[in-house]
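If you want the building blocks of each chain, they are given just below.
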Amino acid sequence: MTFSIHGLPVARGIAIGRAVLVASSRLDVAHYFIEPSQVEAEINRVRDGRDAVVEEIHRLQESIAQMGPKEAPHEMAALLEVHSMLLQDDELAQGVKHWIKDRLYNAEWALTSQLEVVARQFDEMEDDYLRERKADLEQITERVLRAMRGVSSPLIQPLGRGERKSSQQDLLLDDTVDVPLILVAHDLSPADMLQFKQSVFAGFITDVGGKTSHTAIVARSLDIPAVVGARLGSQLIRQDDWVIIDGDAGVVVVDPSAIILAEYGFKQRQGELARGRLARLLHTPAVTLDGQKIELLANIEMPDDAVGAVNAGAVGVGLFRSEFMFMGRHGKLPNEEEQFLAYRRAVEGMQGLPVTIRTVDVGADKPLDDTVRDNAHLNPALGLRAIRWSLAEPTMFLTQLRAILRAAAFGQVRMLIPMLAHASQIRQTMSLIDHARVQLDNRGVAYGPVQIGAMIEIPAAALTLRVFLKYFDFLSIGTNDLIQYTLAIDRADESVAHLYDPLHPAVLRLIADTIAQGQAQGKPVSVCGEMAGDVTCTKLLLGLGLRSFSMHPTQILAVKQEILRADTGKLAGWATQLLAEDEPALRVVK
Ligand code: PEP
Ligand code: MG
């Protein structure tokens, strides 16, 4: 039966495919397609893994039988019996075989896919005791996966999106293998999301997350349709269901009828045509009708994204979120050499164009490690995040500063400091940068000149610009956080997403003042939050005087199209009027 789920649109376009439900805790298994000739070997790998665990349980059962009731309580024997039964359950084995044979999933993927199917059945059971056996099932799956790790896999490179063979037409004809896959999860961390850059998935759906949560931001940078905040999505959608993601409307259609499929298939092709038309603007300079030259920069997460930025027509990187290199490393942070090589790769990838490296901004919805989410603090977004963490960890910070300074010997580098609010933080940061230079001098290591900028993303910063303009060479407005902190809206919380308003008069006032004061002092100001890549905000930002925008490379051409149609002379008057409105959003055409 067809039904739809409403969430938040985060990455545009239409994706049509089969659902792959993945529990957040199981995202670390590899997802790749095998060759038909490898089916047998993969089935055997799961069987061997399972047999190894059955054997292990048997041994335990035997040793328990020799113990007294004190050392081995009755419950333990019962539990092992349950595990043994679950392991040998035919439905599990048949299901795994189906995913491997019919869908060509690799062994680990097949096993976790079937786990989701069976776990759902447990969830639906009336009987409390049986329902709770889901945890046992998860435990034994984990053990089989562990046992399989010892058995080598015929490793195949995961298919990249571009390499997928199926078209929408194939999809309708061939309903077995080689159809696009849509990842459905309760939650995905930004680091998980990044891991999917080269993945098999054609779209994402998550239950939680706001439009400017970092998970959504990474989804947007992947440029594949995604919907977050779908609430019960992962419970309502079943493994292998056909789903349509409408990333523009934030709607997910489950089990669509043939008519709906055809309609969305048409929409999908229209979108592709529109993108094709935009591509013609690649080499057109970003100049407004009245001759204002606009700088279009890229936001990147990894050094190798630089190539994509140049190909998309960016004239530099306005925000390199360096923290992605620090995440998911189980506490082992990148050393100076590793960071230096990564920054140098980004600098060289930009072929002489400037690269703005933001110093590490972990915390809140970007934990260093997914496994250690910050539950200890009630408001992690207000906690030890970004520059606060860097200043609290000077050794880590100095390591990063030295790496950035060294990379600056290889091209134009700008350094950007996140989340500053206090003059004392500015002074401390500047003195650590000086200290990093002295350390490099003492070691006789070469480094280059850097311009130093501050992110304006806390209202306190926007209200004390005088101090910032005294110390910094340039400013970059982080509208994602500026909105979050001005309106007291957690940007990652879908339940307050409707209150997250980039056009709130208070937000517009802070943006307008920052641009105006920067200009008055001759200091460049850019916007690097999601507003910069939102075409519905382009004219307004131009009207407020903005001349430098930094966004996901995929949005550059659409924003350029808006710029080519804009007359900043006319827009300035309109924007000034808008600043005086109670509800400016009513006057901005979406
Ligand atoms: C912002 O806050 O607008 C910004 C660009 O930084 P981030 O999204 O990484 O917090
Ligand atoms: Mg920010």
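Residues numbered from 1 in each chain as written. Chains lettered and ligands numbered in written order. Predicted model: local features only at pLDDT ≥ 70, side-chain atom pairs only at ≥ 80, totals over all residues. Heavy atoms only, no water.

Description of the overall build of the protein
Counted only if it meets this: Helix and strand definitions follow DSSP, with helices as H or I runs of at least four residues and strands as E runs of at least two, each counted in order from the N terminus. Each residue's exposure class comes from its accessible area (1.4 Å probe, protein chains only) as a fraction of the maximum for that residue type: buried when under 20%, exposed when over 50%, partly exposed otherwise. Residue contacts follow a heavy-atom distance rule, with two residues in contact if any of their heavy atoms lie within 4.5 Å. Areas reported as accessible are Shrake-Rupley estimates using a 1.4 Å probe. Residue values count occlusion only from the protein chains shown. In summary, the charge assignment counts Lys and Arg as positive and Asp and Glu as negative, without counting His or the chain termini. The atom standing in for a charge is NZ when the residue is Lys, CZ when it is Arg, CG when it is Asp and CD when it is Glu.
Within the protein, the regular secondary structure consists of 23 helices and 16 strands. Summarising its shape, the C-alpha atoms of the protein cover approximately 80 × 65 × 45 Å along the three principal directions. Across the 590 residues of the protein, 54% fall into the buried class. Within the protein, counting contacts between residues at least 6 apart in sequence, those at least 24 apart form 72% of the total. When the accessible area of the protein is evaluated, it comes to approximately 25,800 Å², of which 54% is carbon and sulfur surface. Charge-centre separation for the protein: the mean point of 60 positive side chains lies 8 Å from the mean point of 76 negative side chains.

Brief notes about the coordination of the magnesium ion (ligand 2)
Rule in force here: With water omitted from the atoms examined, metal sites may look incomplete; donors here are N, O and S atoms no farther than 2.8 Å from the metal, or 3.2 Å in the case of Na, K and Ca.
Bound to the magnesium ion (ligand 2) are the protein donor atoms Glu457 (OE) and Asp481 (OD), situated 2.0 to 2.1 Å from the metal. Of this pair, Glu457 sits in the loop between β13 (450-456) and α17 (459-462) while Asp481 sits in helix α19 (residues 479-487); the two residues are 24 residues apart in sequence, bridging distant segments of the chain. Residue Glu457 shares its accessibility class with Asp481, and that shared class is buried.

A short note on the site of ligand 1
Filter applied, for reference: For this description, a residue counts as near a given molecule or strand if any of its non-hydrogen atoms is within 4 Å of it. Here a polar contact is taken to be a pair of N or O atoms separated by no more than 3.5 Å, where protein atoms must pair a possible hydrogen donor with a possible acceptor and residues adjacent in sequence count only if both atoms sit in side chains. Classes in brief: Ala, Val, Leu, Ile, Met, Phe, Trp, Tyr, Cys and Pro nonpolar; Asp, Glu, Lys and Arg charged; the others, Gly included, polar.
Near ligand 1, the surroundings consist of 17 residues, among which His214, Arg321, Arg358, Asn480 and Arg491 are the closest. One nitrogen or oxygen atom from the side chain of His214 is found 2.9 Å from an oxygen atom belonging to ligand 1. Take Arg358: an N or O atom from its side chain is 2.8 Å from an oxygen atom of ligand 1. When ligand 1 sits alone it has 290 Å² of accessible area, and the protein chains cover 100% of it. When residues of the shell around ligand 1 are assigned to their parent elements, the largest contribution, three residues, is made by α19. Residues that form the shell around ligand 1 fall into these classes: four nonpolar, five polar and eight charged.

Considerations on the sheet that holds strand β6 (residues 226-228)
Our working rule: DSSP-based pairing: two strands are paired if at least 2 bridges between them are found. An axis is simply a line fitted to the C-alpha atoms; with a helix, the fit covers only the stretch in contact. Between two such axes, the angle follows the N-to-C directions and lies from 0 to 180 degrees.
If you walk across this open sheet you meet the eight strands as β1-β8-β7-β3-β4-β5-β6-β2, and the pairing is mixed. Looking at which strands have only one partner, the edges of the open sheet turn out to be β1 (3-6) and β2 (8-11). Strand after strand, the sheet turns through a mean of 30° between neighbouring axes, direction not considered. Inspection of the sheet shows strand β5 (residues 201-206) paired to β6 by two bridges, in the parallel sense. Its bridge partner being in β6, Ile205 is matched across the sheet by Val227.

Focus: the side chain of Asn106
Along the polypeptide, Asn106 turns up in the loop between α3 (90-103) and α4 (107-123). Residue Asn106 is classed as buried on the basis of its relative accessible area of 0%. A polar side-chain atom of Asn106 sits 3.0 Å from the main-chain amide nitrogen of Tyr32. A polar side-chain atom of Asn106 sits 3.2 Å from a polar atom in the side chain of Glu108. When sequence neighbours within four positions are dropped, the list of residues in contact with Asn106 reads Ala30, His31, Tyr32, Ile34 and Glu42.

With respect to the packing of α19 against helix α20 (residues 505-520)
The following threshold applies: Throughout this description, any angle smaller than 35 degrees is read as roughly parallel, any larger than 145 degrees as roughly antiparallel, any in the 65 to 115 degree range as roughly perpendicular, and the remainder as oblique. Note on convention: the crossing is left-handed when the near helix lies turned anticlockwise from the far helix by less than a right angle, right-handed when the turn is clockwise.
At a closest axis distance of 10 Å, the pairing of α19 and α20 adopts a crossing angle of 130°. On the basis of the axis angle, α19 is oblique to α20. Along this stretch, α19 crosses α20, giving a crossing that reads as right-handed. Packed against α19, whose contacting residues are Thr479, Leu482, Ile483, Thr486 and Leu487, the element α20 presents Ala506, Val507, Leu510 and Ile511 at the interface. Here the contact of α19 with α20 is built from residues that sort into seven nonpolar, two polar and no charged.

Some remarks on the confidence of the model for the protein
Convention followed: A residue's pLDDT is the confidence the predictor assigns to it, expressed on a 0 to 100 scale.
Looking at the protein as a whole, the pLDDT averages 89, with 91% of positions reaching at least 70. Counted against residues more than four places away or in other chains, residues 151-176, with its pLDDT under 50, gives 56 contacts.

Here we look at the pairing of strand β10 (residues 317-321)
For the record, the criterion: Look down the strands so they point away from you; if the path from the first strand over the helix to the second goes clockwise, the crossover is right-handed.
β10 sits mainly inside the fold: five of its five residues count as buried. Here β10 pairs with strand β11 (residues 355-358) via three bridges, running parallel. Its bridge partner lying in β11, Val317 is registered against Val355. Handedness of the β-α-β unit built from β10, helix α13 (residues 336-349) and β11 comes out right-handed.

Focus on the packing of helix α1 (residues 39-65) against α3
The interhelical angle for the contact between α1 and α3, taken along N-to-C directions, is 150°, at an axis separation of 9 Å. Compared by their axis directions, α1 and α3 come out roughly antiparallel. Here α1 and α3 pass one another in a crossing that is right-handed. Contact residues: Val39, Glu42, Ile43, Val46 and Arg50 in α1; Ala93, Val96, Lys97, Ile100 and Lys101 in α3. Looking at the contact of α1 with α3, its residues break down into six nonpolar, no polar and four charged.

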